[in-house]
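The chain contents come next:
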Amino acid sequence: MTELFIEPEVLQPADRSTLENAAECPRQARFIELGAVLNTSFAMASGQGCHDAFSAAISDYVDSRGQASFDDTKQLLLQELAKARPDVQPDVIKGAERSAYAFARYLHDLHWENIRCWDGGRGEHSSQFAVDMEEFGLRVTSELDMLHDSESPEVLTEVDFKSGFALWRHGDVRSSFQFQLHALLVAEKFHTIKALEVRVWNTRLNSLTYPVLFKLDSESLYSIKYRVRNAAKAYFDTRGKEPNDCEPWPLVEKCAACPAAHLCDAARAPEGAPEQWVDKIVMLEAQASALSKLAAKRVKETGRDIVTERGNHFGTDRPKRKSSPKFEAYQLKTKSEEAAEID
């Protein structure tokens, strides 16, 4: 069998979110890639505003060769948060303002030359790293928020900013597709580095995790390479296909949150074993949930319930059900008792 090989210059870029979607469910990934569903949320837009502010503050500190003062860095970060687009600006500010002082302190405790790269960095300071997977014609890429030297010349430290409500912990970092991929990319970029330590900054709460160490030797990266490779293969297998021709990977938790659940025809899986029935139940429930959300949005927009030709209704105007009389023991107050309460 002839092995597929594609010259590096024609490799297709595939960013981390694309591969992560494919690793979650190839069919969902294809719906998203083709633009069949909106995959941008309020939280994502708010998070981007926070990341842009941190990027601007880091750039200013390094460009000034460390001459920017502590107050300058803190104020610049707050100013950049305030410049976020108006629909998400209040949440952008809430998502990072509590960390402004601590972040400025953290940054100024680093020598500016020890900051290797960051999100938005230019030239040698770009944190957009890549690893080629020629067998799938892909160049897998991801951008790190900030990468700097540690106290060991063989260890680099990554700091990733998370402005959402989820609190990241050590186990989350260790098992994350994002950070496992970053370990692989750092190993590809810096051949003399022996380990990457990752810290997540929960900026909404101003909580910085302790470092999680990823060793970068071939044995430690073995399972990570296969995970990333399998995600690349899952994405590669969807190219050129219609979404419903791509393999679905249904799970209750995933389907309930899938933006394309209402478009997925996996609910029409063939009858067969009980395991297939369960997959069908999961898909149907996910589709019903997604359609209910869309219908609820339309009711809010129009201010009236949706009524079908068959007489089915959806909305908030359902007639109240009359409750049956309640049988109970009770006493009636005398007129004199009622008058005494009034006085």
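What counts and what doesn't
Residues numbered from 1 in each chain as written. Predicted model: local features only at pLDDT ≥ 70, side-chain atom pairs only at ≥ 80, totals over all residues. Heavy atoms only, no water. Helix = DSSP H or I, 4+ residues; strand = E, 2+ residues; numbered from the N terminus. Rg over C-alpha atoms; globule rule 2.2 N^0.38 Å. Contact = heavy atoms within 4.5 Å. Areas by Shrake-Rupley, 256 points an atom, 1.4 Å probe, with all protein chains shown as cover. Lys, Arg positive; Asp, Glu negative; His and termini not counted. Charge placed at Lys NZ, Arg CZ, Asp CG, Glu CD. Phe/Tyr/Trp six-rings, centres within 6.5 Å; stacked < 30°, edge-to-face > 60°. Buried < 20%, exposed > 50% of the residue type's maximum accessible area, 1.4 Å probe, protein only. Pairing = 2+ DSSP bridges. pLDDT = per-residue confidence, 0-100. Disulfide = S-S within 2.5 Å. Axes fitted to C-alpha atoms, helices over the stretch in contact; angles between N-to-C directions. Parallel < 35°, antiparallel > 145°, perpendicular 65-115°, else oblique. Left-handed = near helix turned anticlockwise from the far one by under 90°. Nonpolar A, V, L, I, M, F, W, Y, C, P; charged D, E, K, R; others polar.

*Asks:* So what's going on with the overall build of the chain? Residues and values would help.
*Replies:* Broken down by element type, the chain carries 12 helices and 11 strands. For the chain, whose C-alpha radius of gyration is 27 Å, the value lies well above the compact-globule estimate of 20 Å for 343 residues. Taken over the C-alpha atoms alone, the chain extends approximately 90 × 70 × 35 Å along its principal axes. Summarising the internal contacts of the chain: among those between residues at least 6 apart in sequence, 67% fall at separations of at least 24. For the chain, the accessible area works out to roughly 21,100 Å², and carbon and sulfur atoms hold 51% of it. Computed over 43 positive and 54 negative side-chain charges, the inter-centroid distance for the chain is 6 Å.

*Asks:* Just give me the short version of the packing of aromatic side chains, but keep the residues and values in it.
*Replies:* Aromatic ring pairs are described here by two measures, namely the spacing of the ring centres and the angle between the planes. Scanning all chains against the criterion turns up 11 aromatic pairs. A ring pair is formed by F103 and F161, whose centres lie 5.7 Å apart and whose planes are at 80 degrees; its orientation type is edge-to-face. On the criterion of sequence distance, the pair formed by F103 in helix α6 (residues 100–108) and F161 in strand β6 (residues 155–162) is long-range, its members being 58 residues apart. In terms of burial, F103 and F161 fall into one category: buried. Ring centres of F103 and W201 lie 6.2 Å apart, and the angle between their planes is 65 degrees; this geometry places the pair in the edge-to-face category. Linking F103 in helix α6 with W201 in strand β7 (residues 195–202), this pair joins segments that are 98 residues apart in sequence. Residue W201 is classed as buried on the basis of its relative accessible area of 4%. Aromatic ring contacts, followed pair by pair, group F54, F103, Y106, F161 and W201 into a single cluster.

*Asks:* Give a description of the pairing of β7 that names residues and reports values.
*Replies:* Within β7, 8 of the 8 residues are buried, leaving the element largely enclosed by the surrounding structure. The two faces of β7 match: A195, E197, R199 and W201 on one face and L196, V198, V200 and N202 on the other face are all buried. Pairing of β6 with β7 involves 8 bridges; the strand directions are parallel. Looking at the pairing, K162 lines up with N202 of β7. Looking at chain direction, β7 and strand β9 (residues 212–215) are connected through 4 bridges and run antiparallel. From the neighbouring strand, L196 faces β9, where its bridge partner is F214. Note that β7 and strand β8 (residues 207–208) share 2 bridges and pair antiparallel.

*Asks:* Can you explain the confidence of the model for the chain? Please cite residues and give values.
*Replies:* Per-residue confidence for the chain gives a mean pLDDT of 89, with 91% of residues at or over 70. Note that residues 1–6 has pLDDT below 50 and, in this model, 6 contacts with residues that lie over four places away or in other chains.

*Asks:* Please set out the state of the cysteines residue by residue, giving values where relevant.
*Replies:* Summed over all chains, the structure comprises 0 disulfides. In this structure C246 is a free cysteine whose sulfur lies 8.9 Å from that of C25, the closest cysteine sulfur available. Take C246: its relative accessible area is 3%, and that puts it in the buried class. Lacking any disulfide linkage, C264 is separated from the closest cysteine sulfur, that of C25, by 6.6 Å.

*Asks:* Residue-level account of the packing of helix α1 (residues 16–24) against helix α8 (residues 177–189), with values.
*Replies:* Interhelical geometry of α1 versus α8 gives an angle of 125 degrees and a closest axis separation of 11 Å. When the axis of α1 is compared with that of α8, the two are oblique. The element α1 and its partner α8 pack so that their crossing is right-handed. Residues R16, L19 and E20 of α1 form the contact with α8, whose participating residues are F177, Q178 and L181. In terms of residue class, the contact of α1 with α8 is made up of 3 nonpolar, 1 polar and 2 charged.

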